[in-house]
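Given next are the chains, with one letter for each unit.
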Protein chains: 2
Amino acid sequence: MSEIDRVVDAYIAIWNETDGDRRRDLIAQTWTEDATYVDPMLNGDGPAGIDAMTAGVQAQFPGHAFRRTGPADAHNDRVRFGWELINVASGEPLIAGIDIGQVTPDGRLASIVGFLDLVPDMSGAASS
Amino acid sequence: MSEIDRVVDAYIAIWNETDGDRRRDLIAQTWTEDATYVDPMLNGDGPAGIDAMTAGVQAQFPGHAFRRTGPADAHNDRVRFGWELINVASGEPLIAGIDIGQVTPDGRLASIVGFLDLVPDMSGAASS
């Protein structure tokens, strides 16, 4: 497995790690101290911010898990990969998108910028 | 037209502007002084580096032009958009990909990171 695949797999594992201590250990190994994450719904700065963001998503989507949807496409210090948040029982994706990462020479994530390609239909949520 | 669409359109126009003076004017208006561009094949730093990179691509692909393939997908200070390099005569795409940009508060590009989804088949190019 390439270094890039290893860091992307660790990144996905963090989203799925609901044990706080294990998640924070993984974050410390995988992200840099001044890491940044931003997507259309979320943002988190540094290990503590990323940990809080991740725990919030886990609380919001019980019974769901993240998985990669394809290989890591890397060049220079950048990487692109697709992911989806699936309902574990049905296997159906609820949310899907791509992440663009910047990787340090020692194989840690300095930043992730996410974009969404599938979002839940909330159009009826606020209806009476 | 939104500010984001305007800057993305100007960015594409730079790739297609073969008049050096006009291209450098457009670059000065569109990119920041410390701008960076990187994709799997190219990189350029600052207005002069981006100008040289663009002129090189134009010389390499005469009879071709860049165009956007869809709307700009923006959040925070980031934008994603698809593009293709088409053969002007046939309309067929030769290269296609996505660009991820970071936009300054005054509406200029600070960085572009590109990824490729369609590349020319060069497998026969080195054959005897």
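Refer to the structure printed above.
A short tour of the structure in this document, coming up. (Residues numbered from 1 in each chain as written. Chains lettered and ligands numbered in written order. Predicted model: local features only at pLDDT ≥ 70, side-chain atom pairs only at ≥ 80, totals over all residues. Heavy atoms only, no water.)

Let's shift gears to the packing of aromatic side chains. Considering all chains together, one arrives at 12 aromatic pairs over all chains under this definition. Both rings, one in B:Trp15 and one in B:Tyr37, keep their centres 5.8 Å apart while their planes meet at 70°; by these two values the pair is edge-to-face. Of the two residues, B:Trp15 is situated in helix α1 (residues 3–16) and B:Tyr37 in strand β1 (residues 31–38); the sequence distance between them amounts to 22 residues. For the pair B:Trp15 and B:Tyr37, one class covers both residues: buried. Grouping aromatic residues by their ring pairs yields a cluster made of A:Tyr11, A:Trp15, A:Trp31, A:Tyr37, A:Phe66, A:Phe81 and A:Trp83. (Phe/Tyr/Trp six-rings, centres within 6.5 Å; stacked < 30°, edge-to-face > 60°. Helix = DSSP H or I, 4+ residues; strand = E, 2+ residues; numbered from the N terminus. Buried < 20%, exposed > 50% of the residue type's maximum accessible area, 1.4 Å probe, protein only.)

Below, the discussion takes up helix α3 (residues 46–60) of chain B. Compared with the 21 Å implied by 1.5 Å per residue over 15 residues, the 21 Å span of α3(B) between its first and last C-alpha is a close match. The secondary structure elements touched by the buried residues of α3(B) are α1, α2 (20–30), β1, β2 (43–45) and β3 (64–68) of chain B. (Expected span 1.5 Å × (residues − 1). Contact = heavy atoms within 4.5 Å.)

Time to look at the nonpolar core. Residues and elements named next belong to chain A. In this structure, Tyr11, Trp31, Tyr37 and Phe81 are the most contacted members of the largest nonpolar core, which totals 26 residues. For this core, the secondary-structure elements that each account for two or more residues are α1 (3–16), α2 (20–30), β1 (31–38), α3 (46–60), β5 (78–87), β6 (93–103) and β7 (109–118). The greatest single-element share of this core, amounting to seven residues, is contributed by α1. (Core = buried A, V, L, I, M, F, W, Y, C linked by side-chain atoms within 4.5 Å.)

Facing the 16 residues of chain B at the interface are 16 residues of chain A. Both sides together, the interface formed by chain B and chain A hides about 1400 Å², and carbon and sulfur atoms give 65% of it. It is B:His75, B:Arg80 and B:Phe115 that lose the most area in chain B upon contact with chain A, and together they represent 44% of the buried surface on that side. At the boundary of chain B and chain A, one finds two salt bridges. For the side of chain B that touches chain A, the secondary structure elements donating two or more residues are β4 (73–75), β5 (78–87), β6 (93–103) and β7 (109–118) of chain B. Per-element accounting of the side of chain B that touches chain A gives the leading share, five residues, to β7(B). (Buried area = accessible area lost by both parts, 1.4 Å probe. Salt bridge = Lys/Arg side-chain N within 4 Å of Asp/Glu carboxyl O.)

Looking now at the relation of the copies chain B and chain A. Note on the identical chains: chain B maps onto chain A by a rotation of 180° and an axial translation of 0.0 Å, with an RMSD of 0.0 Å. Within this description, the copies of the chain are treated as partners about a two-fold rotation axis. Rotation axis and chain B: the residue whose C-alpha lies nearest the axis is B:Ile100, separated from it by 4.1 Å. Here 100% of the contact residues of chain B are again contact residues in chain A; the copies associate through an equivalent surface. (Least-squares fit on C-alpha atoms with pLDDT ≥ 70 in both.)

A few words now on the pattern of salt bridges. Applying the stated criterion across every chain yields a total of 24 salt bridges over all chains. The partner of A:Asp51 in a salt bridge is A:Arg24, with the nearest N and O atoms 2.9 Å apart. Of this pair, A:Asp51 sits in helix α3 while A:Arg24 sits in helix α2, and the two are 27 residues apart along the sequence. Residue classification places A:Asp51 among the buried positions, given a relative accessible area of 10%. Residue classification places A:Arg24 among the partly exposed positions, given a relative accessible area of 40%. Among the ionic pairs, B:Arg80 bridges to B:Asp73, the shortest N-O distance being 2.8 Å. One continuous salt-bridge network, built from bridges that share partners, spans A:Asp21, A:Arg23, A:Arg24 and A:Asp51.

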